[in-house]
Amino acid sequence: MGRFRHFINIIILVILSTVALRLLFDVILALPMAASAEARPIDHLFNGHFWMISFLFSLIMVMMIYSIFVFRRADGDETDGPHIHGNSKLEITWTVIPLMVVLGFGVWGAFTLNEITRPKDGEMTVNVTGRQWSWSFKYPEQGDAAAAELVLPVNRTIVLKMNAEDVIHSFWVPEFRVKQDLVPGRETTLRITPTEIGNYRLRCAEICGQNHTTMEADVKVVSAEDFQAWIEQKSAGPSFADMTPEERGAYWASTEGFACVACHTTDGTPSAGPTWQGLYMHNVKLADGSTTEANDEYLHNSIIDPNLQIVDGFLPNVMPGNFGDRFAEREQEVGAAEGIDLDISADLIAYIKSLQ
Amino acid sequence: MRTLKILLTSALVKGLVGQAVGWALGYSFVALLRALRGLPTPWLYEPAVAFGAIISLLGFLVAAGVLADWLRWIVGKKTELKHGAPAGQPGWARYINVDTNHKVIGVQYAITSILLLLVGGYFAIVFRIELAQPGMQWLTNDEFNTLFSAHGIVMIAGILLGVGAMVNYLVPLMIGAPDMAFPRLNAFSYWVTIPSAVIILMGMAVGGWDTGWVGYATLSLKAPLGVVLFLLGFWMNGFSSIASSLNMLVTVTTMRAKGMTLFRMPIVVWGSIAASIIQLTATQTVGVALTLTVAERVLGLNFFDPVGGGDPILYQHLFWFYSHPVVYVFVLPGLGVIAELLPVFARKPLFGYRWVALSSLGIALVGFLVWAHHMFTSGMDDALRVPFMFSTMLVAVPTGVKFFSWVATMWEGKLPKNPPTPLLFVFGAISIFLIGGVTGPILGTIPTDLHLHDSYWIVGHFHATMFGGYIFPFFAALYYWYPKVTGRMYKESLGKLHFWLMLPAFWVMSIGQMSVGLLGMRRRVADYDPALGITTTHILITLAALVIGWSVLIMIYNFIASARTEPAADTNPWGSRSPEWQIPSPIPEFNYVTPIEVVGEPYDYGLAGSVYTRTIAPAPSGD
Amino acid sequence: MSTITAKTSHDDVHAPEIPYATQLRSNRLGLWLFLFSELFLFGALFTTRFVLWGNTRPPLSQEIGLLATVILLFSSFFMYRSETAIAYGDQPKFLNNALLAALMGAIFFVMVVVMEWNVFRLSGELFGIELFGHLKPGDGVYGGVFYAMTGMHALHVLSGIVFILIIWWNGRRGAFTPERHWGVEAIAIYWHYVDVVWVFFYPALYLMGKVV
Ligand code: HEA
Ligand code: HEA
Ligand code: CUA
Ligand SMILES: [Cu+2]
């Protein structure tokens, strides 16, 4: 009879504690807002897990604390506890039931996974490129429009085709719930269907070196019409012929262009690379001990062949050595479209010159 | 003066000097080879630093005299095992010299482990202060990256040494053996860890590294110089793990006392066996991963860089094939300690001894099948992801058996009204390992992991599992066996203070980490966006970290002070049945002066008149 | 700091004598566990080969590969004879065969390092067969995996040779008897093991897959 009373107590306490914990979860362990179609089934699964966590934690803790306080040794009692060795039926029970439960969660997980990864109607592809330490996006179905921010039409499944240029990065927008690594040498895909118009932030979730922390990009979910308008404006692109070299240089340096700003600041603080502020025509101390003047030739060399001269305090092999080729490609593209003769490196130097 | 002399002539100091000399020799050797070919060697030239590091290990071992006996064997000389401090030196000098007694080695492991814990914890506190506020306060990105990477690997090295401490000290005692099967190999395993720790810490001095403790390719191929020393130091630590686990498995197989059948061994031994099986095998694959990375960086071979046809994901498979199972190495001996202490204090048999024993093996074996759950977002095929999801979920089952058995042991048990410190730490361990464990399956189901991967939820999950499965049980073990090791009782009031500071602080830290993780806090970032609404929680985490740090310092003070001032402790203050408590404290050099024999069950508390072990008269010698 | 053990003086405590049979059991088990552990090392390299090469392989000299393999197998045979000899107390036969095994191991090692790796950058032909390999360590994954696998194996061969020389040196001075020759037994087992590993490595490197 005594045992029975204890069990009733335990059951009541576990139920109370489970519910209380689950409610507490919503306060201290809450998820951010859900802004994609994929988030819905995932949040259901989260909910299931949260219930299970609350229950299991309550179950074990209630029994432990109950034993600590209810069965504890009375004053003056010197005897030992009852000599109970074990109980095979109990052992089998608490092996088989958890086995069923976890397998159940596995099946639930598999179905949810299928739901969020299977191809859907009306998909749109966006190419994502990650590099130390910036993002860029291309819209192959919209005439290869390129952008440094990810703008997406609402309620349409987007297939992100992702590539990394150097090391592993990871695509994560918490409001969309899903995450996918970008792996050099292979293409990975991720499906998201944004459902809420608004502004979000994409942050690289895999450690990728010095400036991993700041490898971020804006994500804008807009209505279908706004998306169309944005694409048209993007496709028009800036008219380089109308810009001054400094303006063009600022554009090339931005994440829209070649993302120099991911490593070079323009406000005097050092980052992965030397700052550009006050650089032009000032003396630069090199790693080999010599000093040189940051004139046009030095800057040009540093852009095209960065390992040639390493500035004191910075590491070699950090800056990609292929900017010469990438500039040439872009110069041709723009030259063909606008009929002007560009020199991107000269534009950049002009821009650096303006940063005194 | 005399103390200084003993210190300076100790194996430890000689070894460190030898390590420095070895490093210089290795470095100059490479420089010389280059000079012969007419090439200059720049300062901190990577291949020279790496080769120097490898030679420095040898330098340490030779100078410390770890290899002396083996070198004599090579030239055909027989050697005796040396015992005790070097002639004419006080007893404590044993601990800084090469000694083959398993108890000395156990204590050496424990002290080194605590030192590493302090160093790694100190790194955590430094970067936690940076994280208390959004914006960059006092660290640069590079410093932050180096600090958390070093924190991770130093703590893990610390855990492996702490496991070594428990296994070395307890297992021979518990199975009634005089020592380990290979005492020299045992000393060797310990002494390798010192140069390995030095090399890892040197990595911070030569530019640090920014890969975290996992060292993923291709970042590890581009990271600063420090990463090479991290990889080599990690490798050497693994080398030591393999040697010591081999020793431990042989000891349990061949050195058990008469009548000590497998299912009559104290339960800690089972945890140690399971942990050793993992260490013996899986460590080799991470060794390959680290070796190949060093080869790719230093020698120009190609395995992981896709530019030459390599595969960065291959590194992850090789790495996690070890680094998942190794998390069970961290916890299995600790869970054994929990199961050992509960019956003693509840005065009741361990519920379902066989199930608890076999669940350790179950965890270890299933643990080999789940490694890819760390790679759910890496771009693996679904055909691989889903089986790994199911196998991951399975680990919950044997772990659950342990929890239920512990609870059943406490149920109707006579736990003391005023629990002593070791028991408090056991309670704390159960609650924390539970929250760590139940936050595991949510990572195991892929869709939820897609949100949680590389977020602070993971950080919360694994600090809880490691504190609950290792740190708390380790502290419980330290307090529990302290009177056996030193012959004196620790100060109970300080022990309680330690516990009551550490437990709540830990809960704040761990739940805080999970909370910010759900909201979008990434791992391994030096800064975060205040718009995430996590600033207050971060302040709390940092404050909690400081409290944990202080509480650990209290423990260390307690142990040092009590060894000098407290009166002698009883032989068996806890009333345990385990054989090591039946002999004097401190324990004689070869444990059981008269051999013991097992005649009953280990945990028959509450059964009047039952005995577990008794001494037997030494067998009459034949010749 | 107080002491761990009650008494630490040197003369009055003696380690309980561990019977030779027990020690031998421990040694044997220890060796086999070590070899079991190494299985994972070689297994990981093997896996690396299949992941990175798939169903292809680099062009390698079939003649050198085959000859080296045969020589290594023969050395294992001599090692076996050596061990049997000491078990029957035939000292000269034990020594000569051990030396032969080491010699053939050394030839294998030279074939890998000097000929296949061509560390001295030589060139030459014999009977129309090229004697020196062309694959460089830097040749993408083919160079990487080839050098890693042969290198790791060669390291084991080298250590095996050193061990054989040690038992030969000690054996000359009568360190081993038919009853007590654990050292010989251990190195023999190790040597066979290294051989068996090569039996798996050889086809993986030289025979399987299409030549690129
Ligand atoms: C001591 C260490 C330890 C332990 C014991 C565990 C235990 C478990 N871990 Fe954890 N884990 C780590 C240390 C540990 N982990 C570390 C260090 C990392 C991060 C590495 C890095 O990236 O740096 C990590 C990361 C990690 C991941 C990868 C996350 C990611 O990066 O995306 C996953 C995914 O599946 C996971 C799962 C699990 C599971 C299922 C268990 C299970 O073993 C837990 C089982 C226990 C229980 C479930 C509770 C008790 C059971 C019951 C009461 C029975 C009933 C239960 C049910 C019905 C469910 N862990
Ligand atoms: C046993 C393992 C262990 C332990 C005990 C700890 C303990 C702590 N950890 Fe650790 N942690 C890891 C293992 C561990 N950690 C691992 C493996 C990682 C992953 C790394 C990676 O991402 O690669 C990690 C990562 C990690 C992060 C995430 C970093 C990031 O992703 O950016 C954080 C953040 O809060 C953190 C915090 C803490 C804190 C505050 C403690 C506290 O408990 C520390 C308490 C402090 C002490 C115990 C020291 C007390 C002593 C002093 C204050 C004086 C010292 C004086 C001298 C040395 C002279 N840890
Ligand atoms: Cu890119 Cu982190
Ligand atoms: Cu894992």
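Up top is the structure.
Presented here is an overview of the structure given in this document. Because the structure is a prediction, the values reported are computed rather than measured. (Residues numbered from 1 in each chain as written. Chains lettered and ligands numbered in written order. Predicted model: local features only at pLDDT ≥ 70, side-chain atom pairs only at ≥ 80, totals over all residues. Heavy atoms only, no water.)

### Structural notes on the coordination of the iron atom of ligand 2
All names here are of chain B. Looking at the iron atom of ligand 2, one finds its protein donor set to be His151 (NE2) and His463 (NE2), positioned 2.0 Å from the metal centre. Each of the six donor atoms around the iron atom of ligand 2 contributes to a set of angles spanning 86 to 179°, which defines the coordination as octahedral. Here the residue His151 occupies a position in helix H6 (residues 141-174), and His463 occupies one in helix H19 (residues 456-486), the gap between them amounting to 312 residues. In this structure His151 comes out as buried when scored by relative accessible area, which is 12%. Take His463: its relative accessible area is 13%, and that puts it in the buried class. (Donors = N, O, S within 2.8 Å, 3.2 Å for Na, K, Ca; no water. Tetrahedral: all angles 85-135°; square planar, octahedral: opposite > 155°, others 65-115°. Helix = DSSP H or I, 4+ residues; strand = E, 2+ residues; numbered from the N terminus. Buried < 20%, exposed > 50% of the residue type's maximum accessible area, 1.4 Å probe, protein only.)

### Re the site of ligand 2
Residues and elements named next belong to chain B. Taken together, 33 residues sit near ligand 2, with Arg128, His151, Trp213, His463 and Arg524 positioned nearest. Between ligand 2 and Gln513 there is a distance of 3.2 Å, counted from an oxygen atom to a side-chain nitrogen or oxygen. Arg524 has a polar backbone atom sitting 2.7 Å from an oxygen atom of ligand 2. If you list the elements that add at least two residues to the shell around ligand 2, you get helix H5 (102-131), H6, H19, helix H20 (492-519) and helix H21 (535-565). In terms of residue count, H5 provides more of the shell around ligand 2 than any other element does, eight residues in total. (Near = heavy atom within 4 Å. Polar contact = N/O pair within 3.5 Å; in protein donor to acceptor, adjacent residues only side chain to side chain.)

### Some remarks on the site of ligand 1
With respect to spatial proximity, 34 residues lie near ligand 1, and among them Tyr328(B), Asp449(B), His453(B), His461(B) and Arg523(B) are the closest. Around ligand 1, the nearby residues trace back to chains A and B. Within the residue set of the shell around ligand 1, elements represented by two or more residues are helix H2 (39-70) and helix H3 (88-117) of chain A together with helix H12 (325-346), helix H15 (396-410), helix H16 (421-438), helix H17 (441-444) and H19 of chain B. At five residues, H19(B) tops the list of elements feeding residues into the shell around ligand 1. Its residues placed into classes, the shell around ligand 1 shows 20 nonpolar, 11 polar and three charged. (Nonpolar A, V, L, I, M, F, W, Y, C, P; charged D, E, K, R; others polar.)

### Details of the pairing of strand S7 (residues 179-182) of chain A
All names here are of chain A. Both faces of S7 are covered, namely the face carrying Lys179 and Asp181 and the face carrying Gln180 and Leu182. One ladder, built from four bridges, connects strand S6 (residues 169-172) with S7; its direction is antiparallel. If you follow His169 over to S7, its bridge partner there is Leu182. Counting the residues in the hairpin turn of S6 and S7 gives six residues, including Arg177, whose phi is positive at 75°. (Pairing = 2+ DSSP bridges.)

### What to know about the interface of chain A and chain B
Facing 89 residues of chain A, the contacting portion of chain B comprises 93 residues. When chain A packs against chain B, close to 8,000 Å² is buried across both sides, 68% of that on carbon and sulfur atoms. Broken down residue by residue, the surface that chain A buries against chain B is led by Trp94(A), Ile207(A) and Thr213(A), which jointly contribute 8%. The shortest N-O distance in the salt bridge between Asp311(B) and Arg186(A) comes to 3.1 Å. There are 32 residue pairs in polar contact (both at pLDDT 80 or more) connecting chain A and chain B. Looking at which element gives the most residues to the side of chain A that touches chain B, the answer is H3(A), with 19 residues. (Contact = heavy atoms within 4.5 Å. Buried area = accessible area lost by both parts, 1.4 Å probe. Salt bridge = Lys/Arg side-chain N within 4 Å of Asp/Glu carboxyl O.)

### Focus on a nonpolar patch on the surface
All names here are of chain B. Side chains of Ile111, Leu115, Leu118, Ile129, Trp138, Val508, Ile539, Leu540, Leu543, Leu546, Trp550 and Leu553 sit close together on the surface and give an oily, nonpolar patch of about 1,100 Å² of accessible area. Of all the elements in the fold, those that place two or more residues in the nonpolar patch are H5 and H21. The dominant element in the nonpolar patch, judged by the number of residues it contributes, is H21, at six residues. Turning to its location among the elements, Leu543 is positioned in helix H21. On the basis of relative accessible area, Leu543 is assigned to the partly exposed category, the value being 47%. (Patch = residues over 30% accessible without salt bridge, like charges linked within 9 Å, V, L, I, M, F, W, Y side chains within 5 Å. Areas by Shrake-Rupley, 256 points an atom, 1.4 Å probe, with all protein chains shown as cover.)

### Points about the interface of chain C and chain B
Contacts between the two partners involve 45 residues from chain C, matched on the other side by 50 residues from chain B. Carbon and sulfur atoms make up 71% of the area that chain C and chain B hide from each other, which totals about 3,900 Å². For the pair chain C and chain B, the number of links is six residue pairs in polar contact (both at pLDDT 80 or more). Looking at the side of chain C that touches chain B, the element that brings in the most residues is helix H1 (residues 20-53) of chain C, giving 19 residues.

### Let's talk about the environment of Gly130(A)
Residues and elements named next belong to chain A. Topologically, Gly130 is positioned in strand S1 (residues 124-131). Residue classification places Gly130 among the buried residues on the basis of a relative accessible area of 0%. Residues Gly130 and Cys204, spaced 74 residues apart in sequence, show a C-alpha to C-alpha distance of 8.7 Å. When residues no more than four places from it in sequence are discounted, the contact partners of Gly130 are Trp135, Asn163, Ala164, Glu165, Asp166, His169, Leu182 and Met215.

### Focus: the sheet that holds S7(A)
Residue and element names in this part refer to chain A. Taking strand neighbours across the sheet as the criterion, the five strands line up as S4-S10-S9-S6-S7 in an open arrangement whose pairing is mixed. Where the open sheet ends on each side, the last strands, each with one partner, are strand S4 (150-153) and S7. For this sheet, the mean inter-axis angle between neighbouring strands, taken without regard to orientation, is 25°. Relative to strand S10 (residues 216-222), strand S9 (residues 198-204) is paired through six bridges, and the arrangement is antiparallel. Bridge pairing in S10 places Arg201 opposite Asp218. Helix H4 (residues 224-236) contacts S4 and S10 of the sheet and is inclined by roughly 135° relative to S4. (Axes fitted to C-alpha atoms, helices over the stretch in contact; angles between N-to-C directions.)

### Considerations on the coordination of the iron atom of ligand 1
Of all protein atoms, just one serves as a donor to the iron atom of ligand 1, and that atom is His461(B) (NE2), at 2.2 Å. The metal-metal distance between the iron atom of ligand 1 and the copper ion (ligand 4) is 4.5 Å.

### A look at the pairing of S4(A)
All names here are of chain A. The alternating pattern of S4 places Leu150 and Leu152 and Val151 and Pro153 on opposite faces, both of which are buried. Relative to S10, S4 is paired through four bridges, and the arrangement is parallel. Bridge assignment links Leu150 to a residue of S10, and that residue is Val219.

### Quick notes on helix H8 (residues 344-354) of chain A
All names here are of chain A. Buried residues dominate H8, accounting for eight of its 11 residues. Among the residues of H8, Ile344, Ser345, Asp347, Leu348, Ile349, Ala350, Tyr351 and Ile352 are the ones counted as buried. The inward-facing, buried residues of H8 contact helix H5 (245-253), helix H6 (296-304) and helix H7 (323-338). Where H8 begins, the side chain of Asp343 points an oxygen toward the backbone nitrogen of Ser345, at a separation of 3.3 Å.

### Structural notes on the environment of Ala568(B)
Residue and element names in this part refer to chain B. Residue placement: Ala568 occurs in the loop between H21 and strand S1 (596-598). Taking the relative accessible area as the measure of exposure, Ala568 reaches 67% and is therefore exposed. In this structure the C-alpha to C-alpha distance between Ala568 and Ser585, which are 17 residues apart in sequence, comes to 9.0 Å.

### Section: the packing of helix H10 (residues 267-299) of chain B against helix H13 (residues 353-367) of chain B
All names here are of chain B. Two numbers describe how H10 lies on H13: the axes approach to 8 Å, and their chain directions differ by 15°. Between H10 and H13, the angle is such that the two are roughly parallel. The crossing of H10 and H13 is right-handed. In this structure, H10 uses Ile267, Trp270, Gly271, Ala274, Ile277 and Ile278 to contact H13, whose residues at the interface are Tyr353, Val356, Ala357, Ser360, Leu361 and Ala364. Looking at the contact of H10 with H13 residue by residue, the classes come out as 10 nonpolar, two polar and no charged. (Parallel < 35°, antiparallel > 145°, perpendicular 65-115°, else oblique. Left-handed = near helix turned anticlockwise from the far one by under 90°.)

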